[in-house]
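Okay, here's what each chain looks like letter by letter:
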Amino acid sequence: MNVIETSIPEVKIIEPKVFGDSRGCFFESHSHKNFIEKVCNTTFVQDNESHSQFGVLRGMHYQLAPYTQSKLVRVVQGKVLDVAVDMRTGSPTFGKYVAVELSAENKRQLFVPRGFAHGFLTLSEEATFLYKCDAYFVPNHEGAFKWDDPTVNIQWPIDLSRVILSEKDKTLPTFEEAIAFSYADSLY
Ligand SMILES: Cc1cn([C@H]2C[C@H](O)[C@@H](COP(=O)(O)OP(=O)(O)O[C@H]3O[C@@H](C)C(=O)[C@@H](O)[C@H]3O)O2)c(=O)[nH]c1=O
């Protein structure tokens, strides 16, 4: 696998080595050994899957301390713009974000460390999104801020009137409010 650096050093793009032949292709979608050697020394304990239609935006989410999570995310059908936002107060990249197109075609994965909020926008007619987490989901310990927060100012690439949100994601706080609520120093 190939690890590609991003503008935020702890956020990494992972490209698997793909073996193509007359039948199709094969690749290791995850190797714990390679991952801990080349990306981050952590162990994933939960796998999640979501399906979305064009325009569905899920975000910007994280889990509160002491249940913070790193995530390894990918797309197996369709295409999304995936975004990780640095919420680590004191970090040189605090408030900055990385946005990467992930698709079934490019087979790229994004590593979203603890201390980051995560979200994605579906760019294809449908998308199937898979992700690993290194801590279990704990209900009522979810943190989030609004996808169109003006401070973070994520450049989403579609007409914003077409964005489809969950009821929960329609009424989220701003980035600044989320930082204040979330005891951000203990997010990572
Ligand atoms: C995230 C999660 C949700 N659920 C339940 C809670 C709820 O009833 C239902 C749908 O949850 P949500 O609306 O929060 O799903 P969704 O909006 O897809 O939330 C996800 O968004 C992306 C961007 C992330 O980064 C994830 O960590 C997660 O926050 O599934 C679990 O049982 N386990 C889980 O790990």
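Residues numbered from 1 in each chain as written. Predicted model: local features only at pLDDT ≥ 70, side-chain atom pairs only at ≥ 80, totals over all residues.

Novice: Pulling in residues and values, what's your account of the sheet that holds strand β2 (residues 12-15)?
Specialist: Taken together, six strands build an open sheet; the order of strands is β1-β2-β10-β7-β12-β5 and the sheet is antiparallel. This sheet does not close on itself; its edge strands, each paired only once, are β1 (2-5) and β5 (46-53). Adjacent strand axes in the sheet meet at a mean angle of 25°, parallel and antiparallel pairs treated alike. One ladder, built from eight bridges, connects β5 with strand β12 (residues 126-133); its direction is antiparallel. Paired with Q46 across the bridge in β12 is C133. (Pairing = 2+ DSSP bridges. Helix = DSSP H or I, 4+ residues; strand = E, 2+ residues; numbered from the N terminus. Axes fitted to C-alpha atoms, helices over the stretch in contact; angles between N-to-C directions.)

Novice: Describe the sheet that holds strand β11 (residues 116-122), with residues and values.
Specialist: Here we have five strands laid out as an open sheet, ordered β9-β8-β11-β6-β13, and antiparallel in their pairing. The open sheet has two edge strands with one neighbour each: β9 (97-103) and β13 (142-144). Strand after strand, the sheet turns through a mean of 30° between neighbouring axes, direction not considered. Of the pairings in the sheet, the one linking strand β6 (residues 57-63) to β13 comprises three bridges and is antiparallel in character. Within the sheet, the bridge partner assigned to Q63 lies in β13 and is E142.

Novice: Any details on the site of the ligand? Residues and values, ideally.
Specialist: As a matter of local geometry, the ligand sits amid N48, S50, R58, G59, H61, K71, H118, G119, F120, F137, S166 and K168. Those elements that provide at least two residues to the shell around the ligand are β5, β6 and β11. In the shell around the ligand, the residues fall into two nonpolar, seven polar and three charged. (Near = placed C-beta within 6 Å. Nonpolar A, V, L, I, M, F, W, Y, C, P; charged D, E, K, R; others polar.)

Novice: Any chance you could break down the nonpolar core for me, citing the residues and the numbers?
Specialist: Counting 36 residues, the largest nonpolar core has V80, A84 and V85 as its most contacted members. It is strand β8 (residues 79-86) that contributes the most residues to this core, five residues altogether. The residues touching A84, leaving out its near neighbours within four places in the chain, are V11, Y97, V98, L110, V112, F116 and H118. (Core = buried A, V, L, I, M, F, W, Y, C linked by C-beta atoms within 7 Å. Buried ≥ 20, exposed ≤ 12 C-beta atoms within 10 Å, placed from the backbone. Contact = placed C-beta atoms within 7 Å.)

Novice: Describe the pairing of β8, and please don't skip the residues or the numbers.
Specialist: With eight of eight residues buried, β8 is to be regarded as a mostly interior element. Residue alternation in β8 divides its side chains into two sets, K79, L81, V83 and V85 and V80, D82, A84 and D86, and both sets are buried. Judged from the seven bridges that link them, β8 and β11 form a sheet pairing that is antiparallel. Paired with A84 across the strands is H118, a residue of β11.

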